[in-house]
Amino acid sequence: MNRISKYITQITVGISNCYLVEGNDGLSLIDAGGPNNAERIVKCINQAGYDLHSLKRILITHAHSDHYGSLTELQQRTGAEVWAHELDALVIEGHQVQDSVSQEGFNVIDRFLFNIGASDVPSCTVHRKLKSVEAIPEVLEGLEVVHLPGHTVGQIGFWLPRESLLIGGDVMMNIMGRLTQPFKAFTPNPVESRKSIVKASKLQLETLALGHGPVIEKHADRRIAKLVTKLNSPTNPTLLETPS
Ligand SMILES: [Zn+2]
Ligand SMILES: [Zn+2]
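Residues numbered from 1 in each chain as written. Chains lettered and ligands numbered in written order. Predicted model: local features only at pLDDT ≥ 70, side-chain atom pairs only at ≥ 80, totals over all residues.

J.: Talk me through the sheet that holds strand 5 (residues 55–60); I want residue IDs and the actual numbers.
T.: Strands pair in a sheet through their backbones, by hydrogen bonds, and they do so in one of two ways: parallel or antiparallel. Read from one edge to the other, the open sheet built from 7 strands follows the order 1-2-3-4-5-6-7, with strand pairing classed as mixed. Each edge of the sheet is formed by a strand with only one pairing partner; in this case those strands are strand 1 (2–3) and strand 7 (128–130). In this fold helix 1 (residues 38–47) packs onto strand 2 (8–13), strand 3 (16–23) and strand 5, with an angle of close to 150 degrees to the strand it touches most, strand 2. Packing against the sheet, helix 3 (residues 71–78) makes contact with strand 5 and strand 6 (81–85), and its axis sits at approximately 165 degrees to strand 5. (Pairing = 2+ DSSP bridges. Helix = DSSP H or I, 4+ residues; strand = E, 2+ residues; numbered from the N terminus. Contact = placed C-beta atoms within 7 Å. Axes fitted to C-alpha atoms, helices over the stretch in contact; angles between N-to-C directions.)

In structure tokens:
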């Protein structure tokens, strides 16, 4: 467990990160890990000094199995509400599947990842369907929803302007010391995904907390600006907008 701000603690389970947020109106969890991670997450909640039933809500950045794989079990054990963007809520509730990914231009790694595929996840009721722009002071005073589509249609981040901090799901990945676009194999709309990275670059972030890899605690804006420049190179003609 890694405390990344006065109110927010990172929990890493398997390959994915979740975040515990301690607000005035109780404890919230952002993302619910992959399948079979519930016990580990419960232990972390206890280690943070909380009883299981203090968890009031579970927010999901996006409906991929490595981020909501243990949602149903955690919801049942804690009685917490589930909040997600209205578009990815359709997937979480089992009404839709995620958009499919075109395999055009895949390299060996993309193909490998694509073939591993996503696991089946039991569907779960979403109690509050979030809009693309919304203040959520119940979770933490000053926290806002930011829509970051492309990796999924309903991916959202949670932005805390007063700390220049974003919990960004898979809008980018910070793997092996490199900040990159999310894996092609799981990103049906790469153009939208790049626009979402540009959007994040405009938030002037100090801290970037993603779904995979360590938190970038200082000068995240510089790292993101570098990535945007790279994506904007002639070999990446699909980036349609430049950062201001
Ligand atoms: Zn994802
Ligand atoms: Zn992920």
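From this point on, the discussion continues.
J.: Talk me through unusual backbone geometry; I want residue IDs and the actual numbers.
T.: One non-glycine residue, Ser164, adopts positive backbone phi at about 50 degrees. Examined against the element boundaries, Ser164 turns out to sit in the loop between strand 10 (156–160) and strand 11 (165–167). Classification of Ser164 by C-beta neighbours within 10 Å gives partly exposed; the count is 15. Although it is not a glycine, Met176 sits at a positive phi angle of roughly 50 degrees. Its 7 C-beta neighbours within 10 Å are what place Met176 among the exposed residues. (Buried ≥ 20, exposed ≤ 12 C-beta atoms within 10 Å, placed from the backbone.)

J.: Break down the sheet that holds strand 8 (residues 133–135) for me, citing the residues and quoting the values.
T.: The strand order across the open sheet formed by 5 strands is 8-9-10-11-14, and the pairing between neighbours is mixed. Since the sheet does not close on itself, it has two edges, and those belong to strand 8 and strand 14 (207–209), each with one partner. Neighbour-to-neighbour, the strand axes of the sheet open up by a mean angle of 20 degrees, direction not taken into account. Sheet topology note: the strand 8/strand 9 (residues 144–147) ladder contains 3 bridges and is antiparallel. Note that in strand 9 the partner of Glu134 across the bridge is Val145.

J.: For the pairing of strand 9, give the residues involved together with the corresponding values.
T.: A regular strand places its side chains on the two faces of the sheet in alternate fashion. Sheet topology places strand 9 next to strand 10; 4 bridges connect them, and they run antiparallel. Across the sheet, the residue bridging to Glu144 is Trp159, located in strand 10.

J.: Mind laying out the packing of helix 6 (residues 190–201) against helix 7 (residues 220–231), listing which residues take part and the relevant values?
T.: Two elements in contact, helix 6 and helix 7, have axes separated by 9 Å at closest approach and are oriented at 145 degrees. Relative to helix 7, the crossing made by helix 6 is left-handed. Facing Arg194, Ile197, Val198, Ala200 and Ser201 of helix 6, the residues of helix 7 in contact are Ile224, Ala225, Leu227, Val228 and Leu231. Within the contact of helix 6 with helix 7, the residues separate by chemical class into 8 nonpolar, 1 polar and 1 charged. (Left-handed = near helix turned anticlockwise from the far one by under 90°. Nonpolar A, V, L, I, M, F, W, Y, C, P; charged D, E, K, R; others polar.)

J.: Report on the environment of Lys230, specifying residues and quantitative values.
T.: Relative to the helices and strands, Lys230 is located in helix 7. Overall, the presence of 14 C-beta atoms within 10 Å leaves Lys230 in the partly exposed class. Taking the C-alpha atoms as reference points, Lys230 and Thr180, separated by 50 residues in sequence, lie 9.6 Å from one another.

J.: I'd like to hear about the nonpolar core, residue by residue, with values.
T.: Core analysis: the biggest nonpolar cluster contains 64 residues, and Ala32, Ile41, Ile58, Ile60, Ala84 and Ile92 have the highest contact counts within it. Contacts of Ile60, omitting those with residues within four sequence positions, involve Asp31, Ala32, His67, Tyr68, Leu71, Val82, Ala84, Asp88 and Ile92. (Core = buried A, V, L, I, M, F, W, Y, C linked by C-beta atoms within 7 Å.)

J.: Account for the environment of Glu134, naming residues and giving values.
T.: By the element assignment, Glu134 lies in strand 8. Excluding anything up to four places from it in sequence, Glu134 contacts Glu144 and Val145.

J.: Explain the packing of helix 1 against helix 3 to me, using residue names and the numbers behind them.
T.: The interhelical angle for the contact between helix 1 and helix 3, taken along N-to-C directions, is 45 degrees, at an axis separation of 9 Å. Considering their axes alone, helix 1 and helix 3 lie oblique with respect to each other. Between helix 1 and helix 3 lies a crossing whose hand is right-handed. Residues Ala38, Ile41 and Val42 of helix 1 form the contact with helix 3, whose participating residues are Glu73, Leu74 and Arg77. (Parallel < 35°, antiparallel > 145°, perpendicular 65-115°, else oblique.)

All we've got here are geometric facts, nothing functional implied.
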